[in-house]
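# Structural overview
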Amino acid sequence: DTWGSGVAGEPVTFVHGTSQHVFARGQDGSLAHWFWDPIHGSRSDNWAPNADLAGDPAAIVIGDFEAVWSVDQGGKLQHWYWGPNTGGVKHDTWGSGVVGRPSVFLTASGEQHVFARGVGGTLEHFWWTPGVGLRHDTWGSGLAGDPAALVIGEFQAVWAVDGGGKLQHWYWGPSTNGVKQDTWGSGVTGRPSVFVTGSGEQHAFARGTRSE
């Protein structure tokens, strides 16, 4: 079936309770939202009609809340969120100097983390901690594609392709004494896709630069 029209780029989806949600960048730069549940069926609204988005959104469920991040035409990392007590969709700005599509995750302690490609190819990291607020640091450099990130127990890991077509990997944990970095492979391009298995295996898939 068809859920909507007037979209650009790649949507992001999640399930929240019994509802299915889709967020996408509108052709007019807005943040479009479609959702379906067994009782009311399909509905839609627009979380940010005048957002002027340049990149595709990233979204997650945080308890009873829904949160979306996306980069606007000015290179700012914008954040929208909705919950039972917010009185509608709320908005704030997390940072600037970034491009592309961010990657986001939530830790067990409630920290919200966002990784994005900086305008100069850096790996920018923004995170919000309950009781502390928003913070930022830079994990690396040389990025040519957008990052993919996930949380692995107490560790945080990010993959991205550099300008030489190499798949680079950065990770941080309580015992790493700072952010560490290694190279996983070469001959790739674009944005990788990553996951961790129940046995602790970390997997990354990426589009190769060669067709055979």
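Refer to the structure above for everything that follows.
Please read all numbers here as calculations on a predicted model, not as lab measurements.

### Focus: the pairing of strand β18 (residues 202-208)
The pairing of strand β17 (residues 188-196) with β18 spans six bridges and is classified as antiparallel. Across the sheet, residue Val-194 finds its bridge partner in β18, namely Ala-204. The turn joining β17 and β18, which pair antiparallel and follow one another in sequence, is formed by five residues; a positive phi near 95° is taken by Gly-200.

### Concerning unusual backbone geometry
Phi is mostly negative for residues that are not glycine, and the peptide bonds are mostly trans. For Asp-52, which is not glycine, the phi torsion reads 60° and is therefore positive. In this fold, Asp-52 is placed in the loop between β4 (41-48) and β5 (58-62). If you check the backbone angles, Asn-177 has positive phi at about 55° while not being a glycine. Here Asn-177 is to be found in the loop between β15 (167-172) and β16 (180-185). A relative accessible area of 74% places Asn-177 in the exposed class.

### Some words on the nonpolar core
The biggest cluster of nonpolar side chains holds 13 residues, and the ones touching the most others in it are Trp-69, Leu-77, Trp-94, Val-98, Val-104 and Val-114. Listed by contribution, the elements that provide at least two residues to this core are β5, β6 (65-71), β9 (98-106) and β10 (112-118). With eleven residues, the next largest nonpolar core counts Phe-14, Phe-23, Leu-31 and Ala-51 among its residues.

### Side note on the sheet that holds β15
Pairing within the open sheet is antiparallel, and its four strands lie in the order β13-β14-β15-β16. Of all strands in the sheet, those with a lone pairing partner are β13 (148-152) and β16, marking the two edges. Recorded for the sheet is a direction-independent mean angle of 25° between the axes of neighbouring strands. Here five bridges tie β15 to β16, and the two strands are oriented antiparallel to one another. Within β16, the position partnered with His-169 by the bridge is Asp-182.

### Observations regarding the environment of Ala-54
With respect to the helices, strands and loops of the structure, Ala-54 is situated in the loop between β4 and β5. The sequence separation of Ala-54 and Asp-182 amounts to 128 residues, and the corresponding C-alpha distance is 30 Å. In contact with Ala-54, not counting residues within four places along its chain, are Arg-25, Val-71, Asp-72 and Gln-73.

### Focus on the pattern of salt bridges
Enumeration according to the criterion identifies four salt bridges in this entry. A salt bridge links Arg-25 to Asp-56; its shortest N-O distance comes to 3.0 Å. Of this pair, Arg-25 sits in strand β2 (residues 19-26) while Asp-56 sits in the loop between β4 and β5; the two residues are 31 residues apart in sequence, bridging distant segments of the chain. You can call Asp-56 buried: its relative accessible area is 13%. Among the ionic pairs, Arg-43 bridges to Asp-37, the shortest N-O distance being 2.8 Å. A relative accessible area of 37% places Arg-43 in the partly exposed class. For Asp-37, a relative accessible area of 7% corresponds to the buried category.

Reading the values: rules and limits
- Residues numbered from 1 in each chain as written.
- Predicted model: local features only at pLDDT ≥ 70, side-chain atom pairs only at ≥ 80, totals over all residues.
- Heavy atoms only, no water.
- Pairing = 2+ DSSP bridges.
- Helix = DSSP H or I, 4+ residues; strand = E, 2+ residues; numbered from the N terminus.
- Buried < 20%, exposed > 50% of the residue type's maximum accessible area, 1.4 Å probe, protein only.
- Core = buried A, V, L, I, M, F, W, Y, C linked by side-chain atoms within 4.5 Å.
- Axes fitted to C-alpha atoms, helices over the stretch in contact; angles between N-to-C directions.
- Contact = heavy atoms within 4.5 Å.
- Salt bridge = Lys/Arg side-chain N within 4 Å of Asp/Glu carboxyl O.

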